[in-house]
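In case you want the letters, here they are:
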Amino acid sequence: MSGDLLSLVREDLRGFGGYSSARSHALDGEIWLNANESPWANPADSGSSCRRYPDPQPAPLVQALSRLYGCEPAQVLVGRGSDEAIDLLVRALCVPRRDAIVTTPPVFGMYAVSARLQDARLLEVPLVDGAAGFTVDLEAVARAAEQGVAKLVFLCSPSNPTGGDVPLDGIAALARRLAGRALVVVDEAYGEFSGQPSATTLIGEHANIAVLRTLSKAHALAAARIGTLIADPALIRVLRACQAPYPIPTPCADLAIAGLSPEALARTAERVAVVRSERARLAAALASAPGVRRVYPSSGNYLLVRFDDAQAAFDGLLAAGVVVRDQRAAPRLGDALRITIGTPEQNQRVLAVLAALEAAA
Ligand code: PMP
């Protein structure tokens, strides 16, 4: 299966070893004079953890992430946010001006940005806006991937900004159909907020599935920039060779490891539960609020909301100090705002501001 998978990687990168860094060789020593580092710590570096270059893939962090996501360490690539993993995938798989990626707009913008930077072709299969909210037309995705000779299919689940999950059986069937042709990337940046199990469980049977996870959302570590790609070890090896020499700053790795302690994970789980119950409360309150046209069902930590007058709602919230995401430039979301679920008090404020706006209208 790995052979099939490697055939998706750019031919010129298949045997590529990447940069040979000072940390690439398993040497042991007492005095380290092999990387032109300073022998002294910076005066501000009280723990002296930053004097030396970091391990490109810090082993304790890889261990912690593989435990968190229920996979093998060899299946893990840690990057500067999942954004970096998206970019690495597009660069390593797509030959410029020849290969394509498939996306499902309206959806997270980085897939298209990475394709643009690589000069890869972009095949867009719009989400279907139906009674159950926005859903992916997996048959249309498969056809677009086959006909357009796509190397990568990006599925976002829960999808940002529309909120729906992509069913696991559909993902498995798509991967089976595209085996040897394309990698199906399931972006689960908001997976913790969803009731659906992770697509990571499918990788053993379908080597052409890769899963993106992040500590930026549920784990509240967006500034640490720790994203994870979970995929077949053969693909992980290729991407590690394509990655920047020392991508994970030591303070970020240390913070992430601490943030994945059993105590921190228990706290995170409590907060995820609050977000989920607040999401239901806010969705119900907004659905019956005047001026609101539609609240889409969401498995993420946000709600996509259509308004009679989205501009007035956006401006009114902003005037009250509440910043939400204006989706009006996104395709087919001209009257929609995306509202992140905040604390119960913050959500109450959103409802109060919207009620006051309607009363004044
Ligand atoms: N995927 C999705 C769907 C997102 O919404 C985001 C952030 N907005 C990311 C990936 C990137 O997250 P990060 O780089 O912080 O891991």
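Being a predicted model, the structure only gives us computed values, none of them experimental. Sequence order sets the numbering: in each chain, residues are counted from 1 along the sequence as written. Owing to the predicted nature of the model, reporting of local features is limited to residues with pLDDT of at least 70; listing and counting of side-chain atom pairs is limited to 80 or more, with chain, interface and lining totals taken over all residues. As a convention, hydrogens and water are excluded, and side-chain values are obtained from all of the structure's heavy atoms.

(A) Highlighting empty space enclosed by the protein. In the cavity and pocket records, a cavity denotes points on a 1 Å grid over the protein atoms alone where a 1.4 Å probe fits but cannot get out, a pocket denotes an open set with protein on both sides within 12 Å along at least 5 of 7 lines, and lining residues are residues with an atom within 4 Å of a point. Grid points are joined across faces, edges and corners, and a volume is the space filled by probe spheres set on the points. For the coordinates displayed, the defined rule picks out one cavity of 30 Å³ or more. There is about 40 Å³ of room inside the largest cavity. Every residue lining the largest cavity is listed: L127, F134, T135, V136, S159, T162, G164, D165 and V166. The nonpolar class holds Ala, Val, Leu, Ile, Met, Phe, Trp, Tyr, Cys and Pro. Asp, Glu, Lys and Arg form the charged class, and all remaining residues, Gly among them, are polar. Across the lining of the largest cavity, the residue classes tally to four nonpolar, four polar and one charged.

(B) Representation of the environment of D335. In this fold, D335 is placed in the loop between strand 12 (325-326) and strand 13 (336-340). Accessibility here uses a 1.4 Å probe with only protein chains present; expressed as a share of the type maximum, an area under 20% marks a residue as buried, one over 50% as exposed, and anything in between as partly exposed. Take D335: its relative accessible area is 15%, and that puts it in the buried class. Here the alpha-carbon distance between D335 and R293, two residues 42 residues apart in the chain, equals 9.1 Å. In this analysis, two residues are considered to be in contact whenever any of their non-hydrogen atoms come within 4.5 Å of each other. Sequence-distant contacts of D335, that is, excluding residues within four places in its chain, are made with R293, V305, R306, F307, A310 and R328. What qualifies as a polar contact is a pair of N or O atoms within 3.5 Å, subject to a donor-acceptor requirement within protein and to the restriction that residues adjacent in sequence count only when both atoms come from side chains. There is a polar contact of 2.8 Å between the side chain of D335 and the side chain of R293. In terms of polar contacts, D335 uses its side chain to reach the side chain of R306, at 2.5 Å. Helix numbers and strand numbers start at the N terminus; a helix is a DSSP run of H or I with at least 4 residues, a strand a run of E with at least 2.

(C) Examining the side chain of Q75 more closely. Mapped onto the elements of the fold, Q75 is located in the loop between helix 2 (59-69) and strand 1 (76-80). The class for Q75 is buried, based on a relative accessible area of 15%. In this structure, Q75 is in contact with I203, L229, I230, A231, P233 and I236, ignoring residues within four places of it in sequence.

(D) Inspection of the domain arrangement of the protein at higher detail. Boundaries between domains were set according to an automatic or database domain assignment. Structurally, the protein comprises domain 1 (2-260) and domain 2 (264-360). Summarising the inter-unit geometry, the C-alpha centres of domain 1 and domain 2 are found 29 Å apart. Taken together, the contact between domain 1 and domain 2 spans 29 residues of the former and 22 residues of the latter. Buried area: the accessible area, evaluated with a 1.4 Å probe, that two parts lose upon being put together, summed over both parts. In this assembly, domain 1 packs against domain 2 so that about 1,900 Å² is buried in total across both faces, 56% of it on carbon and sulfur atoms. Think of a salt bridge as a Lys or Arg side-chain nitrogen and an Asp or Glu carboxyl oxygen that are within 4 Å of each other. Inspection of the region where domain 1 meets domain 2 yields two salt bridges.

(E) Geometry of the sheet that holds strand 2 (residues 100-103). Across the sheet, seven strands lie side by side as 1-9-8-7-6-2-3; this open sheet has mixed pairing. The sheet is open, and its two edges are formed by strand 1 and strand 3 (121-124), each paired on a single side. With direction set aside, neighbouring strand axes in the sheet form an average angle of 25°. Relative to strand 6 (residues 150-156), strand 2 is paired through three bridges, and the arrangement is parallel. Its bridge partner being in strand 6, V102 is matched across the sheet by V153. Helix axes are fitted to C-alpha atoms over the stretch in contact, other axes to C-alpha atoms as well, and angles between N-to-C directions run from 0 to 180 degrees. Lying over the sheet, helix 3 (residues 81-93) contacts strand 1, strand 2, strand 6, strand 7 (183-187), strand 8 (209-214) and strand 9 (226-230), oriented at roughly 110° with respect to strand 1. A pair of strands counts as paired when DSSP detects no fewer than two bridges linking them.

(F) Looking closely at the pairing of strand 9. Judged by how many residues are buried, strand 9 sits mostly within the fold: five of five residues are covered. Residues I226, T228 and I230 of strand 9 are buried on one face, and the alternating residues G227 and L229, pointing to the opposite face, are buried as well. Judged from the five bridges that link them, strand 1 and strand 9 form a sheet pairing that is antiparallel. Along strand 9, the bridge assignment pairs L77 with L229. In terms of strand pairing, strand 8 meets strand 9 through four bridges, oriented antiparallel. By the bridge assignment for strand 9, L212 is matched with L229.

(G) Quick look at unusual backbone geometry. The omega angle of the peptide bond from P105 to P106 is 0°, so this bond is cis rather than trans. Topologically, P106 is positioned in the loop between strand 2 and helix 4 (110-118). With an omega of 10°, the peptide bond between N160 and P161 qualifies as cis. Along the chain, P161 turns up in the loop between strand 6 and helix 6 (168-178). Positioned with a positive phi, R97 is a non-glycine residue whose angle comes to about 60°. Topologically, R97 is positioned in the loop between helix 3 and strand 2. If you check the backbone angles, V149 has positive phi at about 50° while not being a glycine. Within the secondary structure, V149 sits in the loop between helix 5 (138-147) and strand 6. By relative accessible area, V149 is classed as exposed at 54%.

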